[in-house]
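# Working through the structure, step by step
Here are the chains, one letter per residue:
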Amino acid sequence: MKNSTAPPLFHVHEPSSPSFSSVPDEIAANCLARVSKSQYRSLSSISKGFYALLSSPEIYAARSQIGATEPRLYLCCESLRTDTRCNSWYNLMSLISNCDDDEIIEKGDAFISVDGAEIKMRTELRLVPVKDSSFQLCARSKEANLAVGPEIYQIGGINKKGKRSRSVCVLDCRSHTQRRAPRMRVARQGAKACLLDGSIYIMGGCGERECWGEVFDVKSQTWKKEILPIPSGDDDEFDCKFEVLVLGSRIYVIKEANKYAYDPKEGRWLLLEMGFTGIEWILETSGVWCVLDNLVFKEFGDDLWWYDVSCGKWLIVEGLEALRYTKVSCRYRMIQLVNYGGKLVIVWLVSPEPLYRRNKPPVIQEEKTCFAVIRLEKRLTSSVLAIWGEIERLSFSLVHGSYNPLTCLSVSL
């Protein structure tokens, strides 16, 4: 006789596990904002809801609110494939160790031997064209480029007719879309731009004395009535090269002969008769420079230098002797120094010498764009301040001869 089990009198329902989709969007965005952005690609594949939330403005607002934004590099390159050369933007992988494997192309690692130690040049970076729907976003020649949070402002430049432009385009690096901002009062090419207290200051490149500089309010997306005149009464002085930098609450215009400071609260230019001796070295075309942590850094002669305002001298950043070996015995061109979320990124283009073979044509080796992430540290020894650098990462991207790197910017995503 078979044993039969009587059915239970009552059916017990086991509690179902809670679903993340039941969590309000505001709380979900706050949770996901704490996850590294390099993991977003994997998370987006879980469901349409995850994809929509991770692509929404709310997630970026939450990341900014809790201070969880991460730097990402964008490289502007001149295309060499067409007769009418155009400049395009490329997105590089985030230079951090926990990046997605999708973002790395295994091409083999290079090692540089220095005094018995080896510096590893990491796997090749992939340059991903920045596209809006089906077309690649382009940049104008001789435009001023400025990173403001997650966006890149493209100001002025040369239009399709070969003339100066008044246009201002904004590349949103969160969605890779482009929008137009209000046009400038005057057309400009090769102008200088800087950011101070939520306002973009654009100067020069117009030949207009009365409207030499303009001010754009980022929050309201409007041009202020405030107009910056030429700092000097001599118009010819600003037909030549000048540079603009921000230190503290002031904007400085550096010329070979004179230096000027602009305080937005005072609304006027001041001629600096003392101080900043030798700062005009940034005007040298053979090197690149940037401001980081209120200090001016410059690359020149295979070394990284910093400017000591207290004594008016340029001093070498210590601890980077190994980096010099990456540039010896090769032709290279400096592209940019970039403030990369408080660290310094050095970007340069290496053109290896051809390989000559007997009775055979020389082998032309591919150029590569190199990226060195440097962590900087201030050290005080015997009341003397020194800046030391440590190479955190050394990476490269092959050029393939199809484009010419022009400039590099860091945005916060």
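Residues numbered from 1 in each chain as written. Predicted model: local features only at pLDDT ≥ 70, side-chain atom pairs only at ≥ 80, totals over all residues. Heavy atoms only, no water.

Our focus in this paragraph is the packing of helix H1 (residues 25-32) against helix H4 (residues 57-65). One way to put it is that H1 packs onto H4 with a least axis distance of 8 Å and a crossing angle of 55°. Between H1 and H4, the angle is such that the two are oblique. Pair H1 / H4 crosses with right-handed handedness. For the pair H1 and H4, the contacting residues are Ala29, Asn30 and Leu32 in the first and Glu58, Ile59 and Ala62 in the second. (Axes fitted to C-alpha atoms, helices over the stretch in contact; angles between N-to-C directions. Helix = DSSP H or I, 4+ residues; strand = E, 2+ residues; numbered from the N terminus. Parallel < 35°, antiparallel > 145°, perpendicular 65-115°, else oblique. Left-handed = near helix turned anticlockwise from the far one by under 90°. Contact = heavy atoms within 4.5 Å.)

Now for the side chain of Arg393. Positionally, Arg393 belongs in strand S32 (residues 384-398). The exposure class assigned to Arg393 is buried, which follows from its relative accessible area of 7%. (Buried < 20%, exposed > 50% of the residue type's maximum accessible area, 1.4 Å probe, protein only.)

Turning our eyes to something else, we now look at the pairing of strand S17 (residues 213-217). Burial of S17 is extensive: five of the five residues sit out of reach of the surface. Side chains of S17 alternate between two faces, with Gly213, Val215 and Asp217 and Glu214 and Phe216 buried alike. Looking at chain direction, strand S16 (residues 199-203) and S17 are connected through five bridges and run antiparallel. Bridge assignment links Ser199 to a residue of S17, and that residue is Asp217. In textbook terms, the turn of a hairpin is the stretch between consecutive antiparallel strands, and for S17 and strand S18 (residues 222-228) this stretch comprises four residues, one of which, Gln221, has a positive phi near 55°. (Pairing = 2+ DSSP bridges.)

Turning next to H4. Of the residues making up H4, those classed as buried are Ile59, Tyr60, Ala62 and Arg63. For H4, the angular spread of buried residues about the axis comes to 160°, placing them on one side. Projecting away from the buried face of H4 at angles above 90 degrees are the exposed residues Pro57 and Gln65. Residues of H4 that are buried sit in contact with H1, helix H2 (40-44) and helix H3 (48-54). (Arc of directions from axis to C-beta.)

Right, let's talk about the sheet that holds strand S27 (residues 331-340) for a bit. Spatially, the four strands line up as an open sheet ordered S27-S28-S31-S32, and their pairing is antiparallel. Each edge of the open sheet is held by one strand with a lone partner, namely S27 and S32. Neighbour-to-neighbour, the strand axes of this sheet turn through a mean angle of 25°, independent of strand direction. When S27 meets strand S28 (residues 343-351), the two strands line up antiparallel, connected through nine bridges. Residue pairing across strands places Gln336 opposite Val347, the latter belonging to S28.

Right, let's get into the nonpolar core. Core analysis: the biggest nonpolar cluster contains 23 residues, and Phe297, Leu304, Leu323, Leu337, Ile346 and Trp348 have the highest contact counts within it. Those residues in contact with Leu323, other than ones at most four positions away along the chain, are Ile346, Trp348, Ala372, Ile374, Ile391 and Leu394. With 17 residues, the next largest nonpolar core counts Leu75, Leu92, Leu125 and Leu349 among its residues. (Core = buried A, V, L, I, M, F, W, Y, C linked by side-chain atoms within 4.5 Å.)

Looking now at the sheet that holds strand S26 (residues 313-316). Judged by pairing direction, the sheet is antiparallel, and its four strands sit side by side in the order S23-S24-S25-S26 without closing on themselves. Two strands close off the open sheet at either side, each with one partner strand: strand S23 (288-292) and S26. Averaged over neighbouring strand pairs, the angle between their axes works out to 30° when direction is ignored. Pairing analysis gives five bridges linking S23 to strand S24 (residues 295-300), with the strands arranged antiparallel. Across the sheet, the residue bridging to Val288 is Glu299, located in S24.

Here we come to the packing of aromatic side chains. Counted under the stated rule, the structure contains 11 aromatic pairs. Ring geometry for Trp281 versus Trp314: centroids 5.2 Å apart, planes at 75°, classification edge-to-face. A residue pair is termed long-range when its members are at least 10 positions apart, and Trp281 in the loop between strand S22 (268-271) and S23 and Trp314 in strand S26 qualify at 33 residues. Ring pairs connect the aromatic residues Tyr201, Trp212, Phe242, Tyr262 and Trp269, which therefore count as one cluster. Here the basic side chain of Lys298 rests over the ring of Trp281, its NZ or CZ set 5.6 Å away from the ring centre. The ring of Trp388 is capped by Arg379, whose NZ or CZ atom sits 4.4 Å from the centre of that ring. (Phe/Tyr/Trp six-rings, centres within 6.5 Å; stacked < 30°, edge-to-face > 60°. Lys NZ or Arg CZ within 6 Å of the ring centre and 35° of its normal.)

Glancing now at H1. Ala28, Ala29 and Leu32 are the residues of H1 that are buried. End-on, the buried residues of H1 take up no more than an arc of 100°, which puts them together on one face. Check the buried side of H1 and you find it contacts H2, H3 and H4.

One pass over the full model with this rule turns up 17 salt bridges. One salt bridge connects Arg63 with Glu70, and the closest N-O pair in it is separated by 3.7 Å. One exposure class covers both Arg63 and Glu70, and it is buried. Here Arg179 ties to Glu151 by a salt bridge, and the two come within 2.7 Å at their closest N and O atoms. (Salt bridge = Lys/Arg side-chain N within 4 Å of Asp/Glu carboxyl O.)

Turning next to the confidence of the model for the protein chain. It should be kept in mind that the predicted coordinates are not to be read in detail where pLDDT is low. In the predicted model, the protein chain carries a mean pLDDT of 82, and 81% of its residues have values of at least 70. pLDDT under 50 marks residues 94-118. Its contacts with residues more than four places away, or in other chains, come to 60 contacts. (pLDDT = per-residue confidence, 0-100.)

Attention shifts here to unusual backbone geometry. Residue Phe276 is not a glycine yet carries a positive backbone phi of 60°. The topology assignment puts Phe276 in the loop between S22 and S23. A residue is classified by how much of its surface remains accessible, and Phe276, at 11% relative accessible area, is buried. At Asn359, a position not held by glycine, the phi torsion is positive, near 60°.

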